[in-house]
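Chain by chain, the residues run as shown.
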Amino acid sequence: MHGPGSSGWLLVALCAATGAYCLLRMRSSVEEQRRAAGGEALMGFGMAAMAVPTAVFTPPAWAWPLWAAVFGAAGVHGLWAARASARHLHHVVGAGAMVYMAVVMAAGSRAAHHGTTAGIPALTAALLLYFTAYVLVTGARLVPVPAVAGGPGSTGPRTGPGAGWGDRPELARACRLSMGIAMVAMLLTM
């Protein structure tokens with residue numbers, strides 16, 4: 001995940017900005033949005049921390065098992081939330097991908113001394129396939145569709161100038177899209 005300097009910093013900035021926006025979304029008046037935003041903020045800041053170029057900061061050996069434990073707990077929480085809505089299964093896959101990358105990075109730091117490579121190519125490919133499909137579907141959902149007055153697209157959450165930052169579904173989708181793109185970028189470096 002620790003790629004070249006400039007692309008690594010761009011990934012850090014994207015993930016940190018996404019995490020910060022997700023913190024703003026936690027102020028939403030809709031409980032479901034607040035809960036989802038908390039997990040997404042954790043994912044955004046975690047991805048930002050994992051993407052910091054190694055030329056600037058190399059995490060200590062104990063950091064990777066800690067990341068794996070934090071995202072493992074987030075995955076268990078996502079499984080618990082998935083009882084109510086299958087939409088939370090994406091959070092479980094995302095947390096699982098973060099656990100996988102933390103384990104690979106821990107093994108990679110040890111393997112770097114021995115000249116071996118880390119990672120399971122089949123699992124990396126499966127995660128890449130999943131997140132690529134997720135990015136394409138989420139991106140397609142961002143394409144505006146004209147709403148007919150009085151039609152099904154004319155009601156729903158407030159999206160006008162009076163809507164709060166936490167109540168903007170198009171911004172929440174853009175947030176998820178940027179994290180999906182960042183996940184693809186991180187998996188490509190594995």
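One can find the structure itself at the top, above this paragraph.
Residues numbered from 1 in each chain as written. Predicted model: local features only at pLDDT ≥ 70, side-chain atom pairs only at ≥ 80, totals over all residues. Heavy atoms only, no water.

A. Local environment of the layout of surface pockets. When its volume is computed, the largest pocket comes out at roughly 540 Å³. Counting only elements with at least two residues in the lining of the largest pocket, the list comes to helix 2 (31-50), helix 4 (89-111), helix 5 (121-142) and helix 6 (169-188). Residues of the lining of the largest pocket, tallied by class, amount to ten nonpolar, five polar and eight charged. (1 Å grid on protein atoms, 1.4 Å probe; cavity = no way out; pocket = protein on both sides within 12 Å on 5 of 7 lines; lining within 4 Å. Points joined across faces, edges and corners; volume = space filled by probe spheres on them. Helix = DSSP H or I, 4+ residues; strand = E, 2+ residues; numbered from the N terminus. Nonpolar A, V, L, I, M, F, W, Y, C, P; charged D, E, K, R; others polar.)

B. Highlighting the packing of aromatic side chains. Using the criterion set out here, one finds three aromatic pairs in the structure. Judged by centre distance (5.0 Å) and plane angle (85°), the ring pair of Tyr130 and Phe131 falls under edge-to-face. Seen in terms of ring centroids, Tyr130 and Tyr134 are 6.4 Å apart; in terms of plane orientation they differ by 15°. Their pairing is stacked. Taken together, the residues Tyr130 and Tyr134, both in helix 5 and four residues apart, mark about one turn of the helix. A relative accessible area of 16% means that Tyr134 is categorised as buried. An aromatic cluster of three or more residues is present, and its members are Tyr130, Phe131 and Tyr134. The ring of Trp80 carries Arg83 above its face, with NZ or CZ at 3.7 Å from the centroid. (Phe/Tyr/Trp six-rings, centres within 6.5 Å; stacked < 30°, edge-to-face > 60°. Buried < 20%, exposed > 50% of the residue type's maximum accessible area, 1.4 Å probe, protein only. Lys NZ or Arg CZ within 6 Å of the ring centre and 35° of its normal.)

C. Expanded view of the pattern of salt bridges. Taken as a whole, this structure holds three salt bridges when the rule is applied. Where Arg35 meets Glu31, a salt bridge forms, and the shortest distance between an N and an O atom there is 2.8 Å. Of this pair, Arg35 and Glu31 are both found in helix 2, four residues apart, which corresponds to roughly one turn of the helix. Between Glu40 and Arg176 there is a salt bridge, and its shortest N-O distance comes to 2.7 Å. Of this pair, Glu40 sits in helix 2 while Arg176 is found in helix 6, placing the two residues 136 residues apart along the sequence. Classification of Glu40 by relative accessible area gives buried; the value is 3%. (Salt bridge = Lys/Arg side-chain N within 4 Å of Asp/Glu carboxyl O.)

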